[in-house]
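A closer look at the structure
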Amino acid sequence: SDYVVNGQFIYWVDSQQSHFGRSFIKKTALNESTTTVLIERDCTMHNSSCGVKGIFVDDMSLFWIESSSDPAGPTSNSTIQCINKMSINEGVSEKLACTNNNIEYITGDGNSIYWTEEASVYMDYLESLHKIAKDGTGQLVLLDNVKRITTKPIITDGEIYLGIMGGYDANG
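Quick look at the structure, then. (Residues numbered from 1 in each chain as written. Predicted model: local features only at pLDDT ≥ 70, side-chain atom pairs only at ≥ 80, totals over all residues. Heavy atoms only, no water.)

**Focus: the sheet that holds strand 4 (residues 35-42)**
- With respect to topology, four strands assemble into an open sheet ordered 1-2-3-4, the strand pairing being antiparallel. Pairing within the sheet leaves two strands with one partner each, and these edge strands are strand 1 (3-6) and strand 4. The sheet shows a mean angle of 10° between the axes of neighbouring strands, taken without regard to direction.
- Pairing geometry for strand 3 (residues 22-29) and strand 4, over seven bridges, is antiparallel. Of the residues in strand 4, the one forming a bridge with Ser 23 is Arg 41. (Pairing = 2+ DSSP bridges. Helix = DSSP H or I, 4+ residues; strand = E, 2+ residues; numbered from the N terminus. Axes fitted to C-alpha atoms, helices over the stretch in contact; angles between N-to-C directions.)

Structure (C-alpha cells):
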C-alpha cells in the first residue's frame, strides 16, 4: 500500500480486494485513531484498472494517480490515468494531466509533480519521466524511451535520481 507521512498526518491508499472494488485515500493524525476518507472510488461496475494509487502530499495539497474507464479509447476496456490534486483540507479535486499509458510512480518537490509512464510499443514496454507545475501548467517530458524505470524518482536539491534497467540512449 502507498503511504506518506506529512507533518502530523499519515495519508495512505487503501484498495484491497476486501472492499469489493472500492479504493480510498485516507488520512489519520499521528496522535489519534480517527480516520478521514479523503477520496473514495467505487469500481465495482468498471474494469480492474479503475481506482486510485500512488500519492504525494505537500503542505497544501494531496496529489494522486487515478485510473478510470475511457469510453473514447481504442478498445472497450481502455483506461485513462490522471494525476489529480486536492487540498489536504479536502474539497474539490482537479485533473492536472491525463494519459492512456500506465502511470507507475508519482512524487514531487517544492514546485512540481513528477511521474513515470509505461507505454506498450510493438509488444515492448518503454517508459518516460514527466513533470508538471503544481498549478497544472508547463507539462514536460524529461526522459523518454527508457527500457524500464525501476524505482520511484527521488528529487533532492533540484536533481532527479531513479533506477533504469537496460540502459538509456540519450539519442533516442
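**Comments concerning the packing of aromatic side chains**
- Enumeration according to the criterion identifies two aromatic pairs in this entry.
- When the centroid spacing of 6.4 Å and the interplanar angle of 50° are considered together, the rings of Phe 9 and Tyr 11 count as tilted.
- Note on Tyr 11: relative accessible area 1%, which makes it buried.
- A centroid spacing of 6.1 Å and a plane angle of 40° characterise the contact between Phe 56 and Phe 63, whose relative ring orientation is tilted.
- The buried category is assigned to Phe 56, whose relative accessible area is 14%.
- Just above the ring of Phe 24 sits the side chain of Lys 26; from NZ or CZ to the centre is 4.9 Å.
- A cation over an aromatic ring shows up here: Lys 27 above the ring of Phe 9, its NZ or CZ 4.5 Å from the ring centre. (Phe/Tyr/Trp six-rings, centres within 6.5 Å; stacked < 30°, edge-to-face > 60°. Buried < 20%, exposed > 50% of the residue type's maximum accessible area, 1.4 Å probe, protein only. Lys NZ or Arg CZ within 6 Å of the ring centre and 35° of its normal.)

**A closer look at the state of the cysteines**
- Per the stated rule, a full pass over the model turns up one disulfide.
- The disulfide partner of Cys 82 is Cys 98, and the gap between their sulfur atoms is 2.1 Å. Measuring the twist about the S-S bond at about 105°, one finds the Cys 82-Cys 98 disulfide to be right-handed. With Cys 82 in strand 7 (residues 79-87) and Cys 98 in strand 8 (residues 94-99), this residue pair connects regions lying 16 residues apart in the sequence.
- When its relative accessible area of 40% is taken as the criterion, Cys 98 is described as partly exposed. (Disulfide = S-S within 2.5 Å.)

**Points about the nonpolar core**
- Judged by nonpolar contacts, the single largest core of 13 residues is most densely connected at Ile 25, Leu 38, Ile 39, Ile 55, Leu 62 and Trp 64.
- With three residues, strand 5 (residues 51-57) is the single largest residue contributor to this core.
- In this structure, Ile 39 is in contact with Ser 23, Phe 24, Ile 25, Val 52, Trp 64 and Met 86, ignoring residues within four places of it in sequence. (Core = buried A, V, L, I, M, F, W, Y, C linked by side-chain atoms within 4.5 Å. Contact = heavy atoms within 4.5 Å.)

**Things to note about the pattern of salt bridges**
- Under the criterion given, the structure shown has three salt bridges.
- One salt bridge in this structure joins Arg 41 and Glu 66, with 2.5 Å as the shortest N-O distance. In this pair, Arg 41 is assigned in strand 4 and Glu 66 in strand 6 (residues 61-69), connecting sequence segments 25 residues apart.
- Note on Arg 41: relative accessible area 24%, which makes it partly exposed. (Salt bridge = Lys/Arg side-chain N within 4 Å of Asp/Glu carboxyl O.)

**A few points about unusual backbone geometry**
- For Asn 145, which is not a glycine, the phi torsion comes out positive at approximately 60°.
- Residue placement: Asn 145 occurs in strand 12 (residues 140-146).
- According to the relative accessible area criterion, Asn 145 is partly exposed, its value standing at 38%.

**A short note on the environment of Ile 39**
- With respect to the helices and strands, the residue Ile 39 is situated in strand 4.
- Residue classification places Ile 39 among the buried residues on the basis of a relative accessible area of 4%.
- On a C-alpha basis, the gap between Ile 39 and Val 52 in space is 8.5 Å, while along the polypeptide they are 13 residues apart.

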